[in-house]
Amino acid sequence: MKNFIYASAAIILAVASSVSSAQATGRPGDAKISHLLDSRAYPNDASFQGATHQFKVHVQGNALLELLIDLPEEVRISNGIEVKNQSGQKVPATVSINNGKARVAFSSPVAPETKLSISMLGIETPGSDQTWQYQIYAKKVGLTAEIPLGLAQIYTYRG
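Notes on the structure in this doc start here. None of these values were measured; they are calculated from a predicted model.

**Side note on the nonpolar core**
Proteins that are soluble and globular tend to have nonpolar side chains buried together. Ranked by size, the top nonpolar core spans 29 residues in total, and within it L67, I69 and Y134 carry the most contacts. Counting residues per element, the ones that place at least two in this core are strand 1 (35–42), strand 2 (51–58), strand 3 (64–70), strand 5 (81–84), strand 7 (101–110), strand 8 (115–124), strand 9 (130–140) and strand 10 (147–156).

What follows is the structure, given as structure tokens:
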């Protein structure tokens, strides 16, 4: 029995030492998955109607064709959605909002290593303290499925 335990331990150690570890270094192109960076409200006063809710997306891997945003039931966007790159330049896109979903279709694919700022303008809410949650999906070049990017959480407080 002792020999079996020692042999098992030796095999486990050999396998564990042969597997390389993956670490994020923060270098461009290190991760190959698009992801959310941050989210916020301007202003974050819950009683202010017409605020801007914003989140950022770091495009990595395949180029980005579309973003899809699930809107909370109580949220209305009265002034559309604007997209800018990390240089502050507007990114041409067609925006449609239907049945609690916003679709941002880019005029041309957004290249990897681009950081996008998505601003939902003129947000109207019930006006109470709230954490608004937007589920974000991406459509990418070469892929047919919508890829979940994550949950953008926007905090608002009664001022």
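**Structural notes on the pairing of strand 9**
The side chains of a regular strand alternate, residue by residue, between the two faces of the sheet. The pairing of strand 3 with strand 9 spans 6 bridges and is antiparallel. Counted as the bridge partner of E66 is K139 from strand 9. Looking at chain direction, strand 9 and strand 10 are connected through 9 bridges and run antiparallel. Bridging across to strand 10, Q135 finds its partner in L151.

**Some details on the sheet that holds strand 7**
If you trace the 5 strands from one edge of the open sheet to the other, you get 6-7-3-9-10, paired in antiparallel fashion. Here the strands that pair on one side only, and so sit at the sheet edges, are strand 6 (93–98) and strand 10. Direction aside, the axes of adjacent strands within the sheet are offset by 20 degrees on average.

**Description of the pattern of salt bridges**
Applying the stated criterion to the full structure yields 5 salt bridges. Between D38 and R40 there is a salt bridge whose closest N-O contact spans 2.8 Å. Here D38 falls in the partly exposed class, since its relative accessible area comes to 27%. Classification of R40 by relative accessible area gives partly exposed; the value is 34%. Notably, a salt bridge pairs K90 with E82, separated by 3.4 Å at the nearest N-O pair. Given the relative accessible area of 59%, K90 is considered exposed. Members of the salt-bridge network, linked through shared partners, are E82, K84 and K90.

Rules and cut-offs
- Within any chain, residue numbers begin from 1 and follow the written order of that chain's sequence.
- pLDDT decides what is reported in this predicted model: residues at 70 or higher carry local features, side-chain atom pairs at 80 or more are listed and counted, and totals for whole chains, interfaces and linings draw on all residues regardless.
- Processing note: side-chain calculations cover all non-hydrogen atoms of the structure and skip hydrogens and water entirely.
- The definition of a nonpolar core used throughout is a set of buried Ala, Val, Leu, Ile, Met, Phe, Trp, Tyr and Cys residues joined through side-chain atoms within 4.5 Å.
- Buried, partly exposed and exposed residues are distinguished by accessible area as a fraction of the type maximum, computed with a 1.4 Å probe on protein chains only: under 20%, between the cut-offs, and over 50%, respectively.
- Secondary structure elements are defined from DSSP: runs of H or I of at least 4 residues count as helices, runs of E of at least 2 residues count as strands, and each element is numbered from the N terminus.
- Whether two strands pair depends on DSSP finding at least two bridges between them.
- Lines are fitted to the C-alpha atoms to define the axes, a helix being fitted only along its stretch in contact, and any angle between axes, read from their N-to-C directions, falls within 0 to 180 degrees.
- What counts as a salt bridge is simple: a side-chain nitrogen of Lys or Arg found within 4 Å of a carboxyl oxygen of Asp or Glu.

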